[in-house]
Amino acid sequence: MNSLGVRSLIKILQKNSEMKLPERTLYRVLATIAVLGIMIPCTLVVGFISYVMTEALIEVDNPGGGMLFEIQILSAFSMIFGILVIFSVLFFSSDREHFVTLPIPAHHLMMAKFIYAYVAESVMEFMILIAVFVGYLLAVGKNIGLAAAFHPVSLIGSALGVVLIPLIPMIYCAVFSLILMACLSGVKSTKVFYRTSTLFLLIFAALFIVSLRGIGEVNMENYVESLGRGDNLFLRTLNVIFFPVPWLAEAISRGSILMLLLYLVGNAVLILLLYFIGKALYQKGLYTAASLGSSKKAEIGRNDIREQSQFKASLFKELRVILRTKAFSGNCAYINVLWPVGIWMLFHFTGDKGFLAEYIAMYQAGKERAGMIMAIVVISIAFIATALNSLASTAFTREGRHLELLKFIPVPYETQMYAKAMVSFMFTYPMLLITDIIICIYVKTDILTGAMYAILMLLAHIISIAVGMMLDSASPYTEWDDEYSALRGNLNVFFNMAIMMILAVAALLLGLLLYDVIKLPILIYYIVIFIILAVSAERLVVIAPKRIVANMEKL
């Protein structure tokens with residue numbers, strides 16, 4: 001393989017496929033907030049979990065068990081969420097027509113695209129893996145000794161693991177994509193492929209649920225004990241799927257250079273497998289992608305073009321773009337269902353035990369602190385859920401290279417803007433309401449209190465929409481090659497999430513200040529937080545449309 005040619009292609013892809021940080025002080029500040037508010041807290045939490053699990057498993061002479069479990073969980077999630085990204089990058093990025101006309105071997109292009117996607121998708125995972133290994137090494141150093149923690153093989157293995165662990169699930173995704181696209185030549189449909197990530201998620205979820213059987217009461221202590229005994233079905237299955245990872249864990253925990261070499265050989269074999277499969281199938285897959293692309297363009301029927309009001313037409317246009325684009329529908333629309341489902345599962349399976357049972361008892365006993373916690377939770381969910389689905393913070397990015405059409409179609413800017421905001425409301429707030437209802441049913445709040453929580457969620461939701469749309473209208477990311485890049489590479493999504501997390505923390509600190517420090521009644525907190533959210537939402541409803549329209553005029 002011509003490594004020089006592949007490296008050149010990777011540089012081109014990196015240059016053209018990521019949003020550049022705007023040269024403004026505000027965006028530098030937002031970038032700093034995002035790092036401090038999202039990336040560092042996430043890594044610290046993961047590192048602490050790794051430390052605690054390692055300490056627990058050292059007692060059963062299985063110090064690497066917790067590290068192995070965390071790594072395999074990361075591998076599973078990489079495969080679930082990476083499959084559609086790899087598929088899109090390899091076959092449906094907008095630069096495909098430009099590259100295939102150049103005198104470049106198809107498999108060289110495939111390897112360049114794969115390496116680019118692997119690095120771009122794994123940046124956050126690299127940081128999390130650093131935290132996993134640091135937490136593990138600190139626990140080993142404290143409980144076993146510094147010699148074991150700083151063994152050369154352990155340190156080298158940890159460094160290699162940070163870089164290579166995300167590689168195996170990505171290779172699986174790429175191989176699966178190549179084989180399926182070769183088989184799709186007679187099918188003329190990608191629906192079977194787009195449902196694959198959902199299938200993987202269901203399979204891994206089913207395995208996890210099955211692994212809970214036989215551990216007794218469902219809690220972290222019993223689950224960690226099952227890892228220590230080595231009879232956890234979920235981990236055993238992942239060890240088979242991502243087979244080189246246990247070799248790395250053994251190399252790090254036992255200082256085995258043989259296992260480390262075996263791990264490197266396993267990775268090399270999988271890379272070669274991808275290379276030769278790509279050499280055999282990628283060109284055929286590109287032909288299939290070209291034919292599928294042409295068929296997709298013909299899917300719009302005459303019923304899609306109807307005479308209707310400007311707002312209704314703009315709204316339906318936004319709905320079609322989101323629901324008919326797999327990246328947008330899955331990551332922006334359907335992801336909102338996870339909140340009510342996740343909350344229901346949390347209360348249904350663990351509501352009668354552990355900290356959750358204690359909290360419910362505290363709330364039903366009329367403890368003021370429990371009410372404050374509930375208010376903070378629902379406000380935080382509204383902030384984070386709205387930012388997480390990125391509907392507002394990609395409102396203009398979704399237009400891509402056709403963004404300027406917003407200026408020429410005979411529809412006022414305000415109408416288009418409100419249609420984009422309404423889409424975010426339609427997909428998000430109903431799910432927030434259902435989440436609120438589920439929480440109130442399990443905690444057994446009265447109707448008026450539940451309505452108060454719903455109003456607080458609405459105000460937080462409006463704030464998040466306004467901030468996200470202002471960010472994206474000020475600096476939309478339009479030069480993306482595929483829809484997943486529009487989500488993954490859009491810094492506005494990252495900035496909006498960071499701001500909302502900080503606002504959620506501010507709500508928490510305000511509660512602690514008023515209730516614990518100043519010792520005011522909890523009713524004062526409710527009144528103060530309502531006034532702050534209401535005034536903020538009202539000002540944004542007045543100011544944000546003007547700012548967004550002004551930004552649209554500059555597009």
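Residues numbered from 1 in each chain as written. Predicted model: local features only at pLDDT ≥ 70, side-chain atom pairs only at ≥ 80, totals over all residues. Heavy atoms only, no water.

### Concerning the overall build of the protein
- Check the secondary structure of the protein and you find 25 helices and 0 strands.
- Scored against the burial criterion, the 555 residues of the protein give a buried share of 50%.
- In the protein, the share of contacts with a sequence separation of at least 24, taken over all contacts with a separation of at least 6, comes to 82%.
- When the accessible surface of the protein is split by element, carbon and sulfur atoms take 71% of a total near 26100 Å². (Helix = DSSP H or I, 4+ residues; strand = E, 2+ residues; numbered from the N terminus. Buried < 20%, exposed > 50% of the residue type's maximum accessible area, 1.4 Å probe, protein only. Contact = heavy atoms within 4.5 Å. Areas by Shrake-Rupley, 256 points an atom, 1.4 Å probe, with all protein chains shown as cover.)

### What about the confidence of the model for the protein?
- Across the protein, the average pLDDT comes to 82, with 81% of residues at or above 70.
- In this model, residues 294-307 is a region of pLDDT below 50 whose contacts with residues beyond four sequence positions or in other chains number 5 contacts. (pLDDT = per-residue confidence, 0-100.)

### Concerning the packing of helix H22 (residues 447-474) against helix H24 (residues 491-517)
- Viewed as axis vectors pointing N to C, H22 and H24 meet at an angle of 150°, and their least axial separation amounts to 9 Å. Handedness of the crossing formed by H22 with H24: right-handed. On the side of H22, the interface is formed by Ile463, Ser464, Val467, Gly468, Leu471 and Asp472, while H24 contributes Asn492, Phe495, Asn496, Ile499, Met500 and Leu503.
- The residue inventory of the contact of H22 with H24, partitioned by class, reads 7 nonpolar, 4 polar and 1 charged. (Axes fitted to C-alpha atoms, helices over the stretch in contact; angles between N-to-C directions. Left-handed = near helix turned anticlockwise from the far one by under 90°. Nonpolar A, V, L, I, M, F, W, Y, C, P; charged D, E, K, R; others polar.)

### Description of the nonpolar core
- Core analysis: the largest hydrophobic core is formed by 88 residues, its most contacted members being Phe91, Phe133, Leu274 and Tyr282.
- Apart from the residues lying within four places of it in its own chain, the contact partners of Tyr282 are Leu90, Phe91, Ala106, Leu109, Met110, Lys113, Leu178 and Ile277.
- Judged by nonpolar contacts, the second largest core, of 65 residues, contains Tyr359, Met372, Ala392 and Ala537. (Core = buried A, V, L, I, M, F, W, Y, C linked by side-chain atoms within 4.5 Å.)

### A word on the packing of aromatic side chains
- Applying the stated criterion across every chain yields a total of 11 aromatic pairs.
- Between Phe87 and Phe91, the ring centres sit 6.0 Å apart and the planes meet at 50°, which makes this aromatic pair tilted. Pair noted here: Phe87 and Phe91 are both in helix H3 (residues 64-91), with a separation of 4 residues, about one helical turn.
- For Phe87, a relative accessible area of 0% translates into the label buried.
- Accessibility expressed as a relative area gives 0% for Phe91, which makes it buried. (Phe/Tyr/Trp six-rings, centres within 6.5 Å; stacked < 30°, edge-to-face > 60°.)

### Section: the side chain of Glu125
- Its place among the elements puts Glu125 in helix H5 (residues 106-143).
- For Glu125, the residues in contact, after removing those within four places along its chain, are Leu74, Ser78, Ile165 and Pro166.

### Topic: the environment of Lys326
- Counting through the fold element by element, Lys326 comes out in helix H16 (residues 326-333).
- The sequence separation of Lys326 and Glu483 amounts to 157 residues, and the corresponding C-alpha distance is 8.4 Å.

### Looking at the packing of H5 against helix H8 (residues 167-183)
- Across the interface, H5 lies against H8 with an axial gap of 11 Å and an inter-helix angle of 140°. One way to sum up the angle between H5 and H8 is to call them oblique. In the packing of H5 onto H8, the handedness of the crossing is right-handed. Within the contact between the two elements, H5 uses Met110, Phe114, Tyr118 and Glu121 and H8 uses Leu167, Met170, Ile171, Ala174 and Leu178.
- When grouped by side-chain class, the residues that make up the contact of H5 with H8 number 8 nonpolar, no polar and 1 charged. (Parallel < 35°, antiparallel > 145°, perpendicular 65-115°, else oblique.)

### Describing the pattern of salt bridges
- According to the stated counting rule, one finds 8 salt bridges in the structure shown.
- In this structure, the salt-bridge partner of Asp516 is Arg369, at a minimum N-O distance of 2.6 Å. Note that Asp516 is positioned in helix H24 and Arg369 in helix H19 (residues 368-388), a separation of 147 residues in sequence.
- Asp516 gets classed as partly exposed once you look at its relative accessible area, which sits at 25%. (Salt bridge = Lys/Arg side-chain N within 4 Å of Asp/Glu carboxyl O.)

### Some details on the environment of Ile80
- Relative to the helices and strands, Ile80 resides in helix H3.
- Since its relative accessible area comes to 6%, Ile80 is described here as buried.
- Residues Ile80 and Cys173, 93 residues apart in the sequence, show an inter-C-alpha distance of 8.7 Å.

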